Amino acid sequence: MKRVLLTGASGDIGGRLRKLLKPVYPELRLSDIKVPPDLQPDEPFVAADLANLAEVEKAVAGMDGIVHLGGFSVEGPWETILQSNIIGCRNLFEAARRQGVKRVIFASSNHAVGFYPRTHRIGTETHVRPDSRYGVSKAFGEAMGSFYADKHGLRVLCLRIGNFGDKPIDKRRLSIWLKPDDLVQLIRIGLEHPDLRYEIFYGASLNERAWWDNSRAYAYGYRPTGRAEDFSAAALAAQAELPADAVGDFFQGGTFCSAEFSGDTDALWD
């Protein structure tokens, strides 16, 4: 795996990853709808609007693998999510097929399963319970990855990313934290492991309070180095300063669950 495309290279995670992936994949190409403000001379960049298939094909051409972080990264209006995360996701997989790409890492999200209670420990085989329009788009992306793997032989890894950062900053993040180096390890498994066909992993480090069974990732050799509990004192102190949220504090998706919530809590909590 030599030639790798990183979409969403101007975003927060993409900005960190492009520096971490460059030593591993020297022929790393970057893409986004806008140019990163700190783009370096040795970083090839192709601008592309994910909603434009021709532009996506141009970005994908000649690549062996894709790390797809592109799209709208938070909750948003339906039209925005539709264009960036649904049409854009379809275009990415279709461009990969047309251009003969071998592997795709799809950046899914914990919000594809955000409406599971925090009292439940879930694996990757459970059905999706998205907590937002954004979460719906990530569930769609997982389905598209499965379709292109089965129908066209593309090798696909979907990563349900928790919270990417240098440390967990509140109680919820103690359960879902993902250290940047651990994300690189997961990406390398997806791009390089000879046995991988289609899988879903949770993008999480070694979190003792985890709600997720990440045994599929461990079966492929994942060994996270980040330990959330090392930051528990500061995270819990920060949590004590936050307002209570009856819905968000109950479900794994947090405030994505409580935003715009107008449902029956008794039915969900039963």
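Look up a bit, the structure's there.
The present account deals with the structure reproduced in this document.

Reading the values: rules and limits
Residues numbered from 1 in each chain as written. Predicted model: local features only at pLDDT ≥ 70, side-chain atom pairs only at ≥ 80, totals over all residues. Heavy atoms only, no water. Pairing = 2+ DSSP bridges. Helix = DSSP H or I, 4+ residues; strand = E, 2+ residues; numbered from the N terminus. Axes fitted to C-alpha atoms, helices over the stretch in contact; angles between N-to-C directions. Contact = heavy atoms within 4.5 Å. Core = buried A, V, L, I, M, F, W, Y, C linked by side-chain atoms within 4.5 Å. Buried < 20%, exposed > 50% of the residue type's maximum accessible area, 1.4 Å probe, protein only. Disulfide = S-S within 2.5 Å. Salt bridge = Lys/Arg side-chain N within 4 Å of Asp/Glu carboxyl O. Phe/Tyr/Trp six-rings, centres within 6.5 Å; stacked < 30°, edge-to-face > 60°.

Let's shift gears to the sheet that holds strand β3 (residues 45-47). Spatially, β3-β2-β1-β4-β5-β6-β9 is the arrangement adopted by the seven strands of the open sheet, whose pairing is parallel. Pairing within the sheet leaves two strands with one partner each, and these edge strands are β3 and β9 (198-203). Across this sheet, the average inter-strand angle for adjacent strands is 20 degrees, counted without regard to direction. Relative to strand β5 (residues 103-109), strand β4 (residues 65-68) runs parallel, the two sharing four bridges. Bridge pairing links V67 to I105 in β5. Sitting on the sheet, helix α3 (residues 78-98) is in contact with β1 (3-7), β4, β5 and β6 (155-161), with an inclination near 165 degrees to β5.

Formed by 29 residues in total, the largest nonpolar core has its most connected members in L6, L17, V67, L159, I187 and F201. Per-element tally for this core: the top contributor is helix α6 (residues 180-192), with six residues. Residues L5, A48, L50 and A59 belong to the second largest nonpolar core, which totals 25 residues.

Our focus in this paragraph is the state of the cysteines. Disulfide: a covalent bond connecting the sulfur atoms of a pair of cysteines. Applying the stated rule across the entire model yields zero disulfides. Cysteine C89 shares no disulfide, and the gap to the nearest cysteine sulfur, in C158, comes to 8.4 Å. Using a relative accessible area of 1% as the deciding quantity, one classes C89 as buried.

Under the counting rule described, the total for this entry stands at 18 salt bridges. The residue D38 makes a salt bridge to K19 at a minimum N-O spacing of 3.3 Å. Of this pair, D38 sits in the loop between β2 (27-32) and β3 while K19 sits in helix α1 (residues 12-21), and the two are 19 residues apart along the sequence. D38 sits in the partly exposed class, given a relative accessible area of 34%. Residue D170 pairs with R173 through a salt bridge whose shortest N-O separation is 2.4 Å.

By secondary structure assignment, the location of E43 is in the loop between β2 and β3. For E43, the contacting residues outside a window of four places in its chain are R18, L30 and D38.

Let's shift gears to the packing of aromatic side chains. Per the counting criterion, the structure on display carries eleven aromatic pairs. Seen in terms of ring centroids, F93 and F106 are 6.4 Å apart; in terms of plane orientation they differ by 50 degrees. Their pairing is tilted. A residue pair is termed long-range when its members are at least 10 positions apart, and F93 in helix α3 and F106 in strand β5 qualify at 13 residues. Among the residues examined, F93 registers a relative accessible area of 0% and is labelled buried. Using a relative accessible area of 3% as the deciding quantity, one classes F106 as buried. Look at F115 and F261: their rings are 6.4 Å apart centre to centre, the planes differ by 45 degrees, and that puts the pair in the tilted class. Here F115, found in the loop between β5 and α4 (133-152), pairs with F261, found in the loop between α9 (255-258) and α10 (265-269); they are 146 residues apart in sequence, far enough to count as distant. Note on F115: relative accessible area 13%, which makes it buried. Aromatic ring contacts, followed pair by pair, group F93, F106, F147 and Y148 into a single cluster.

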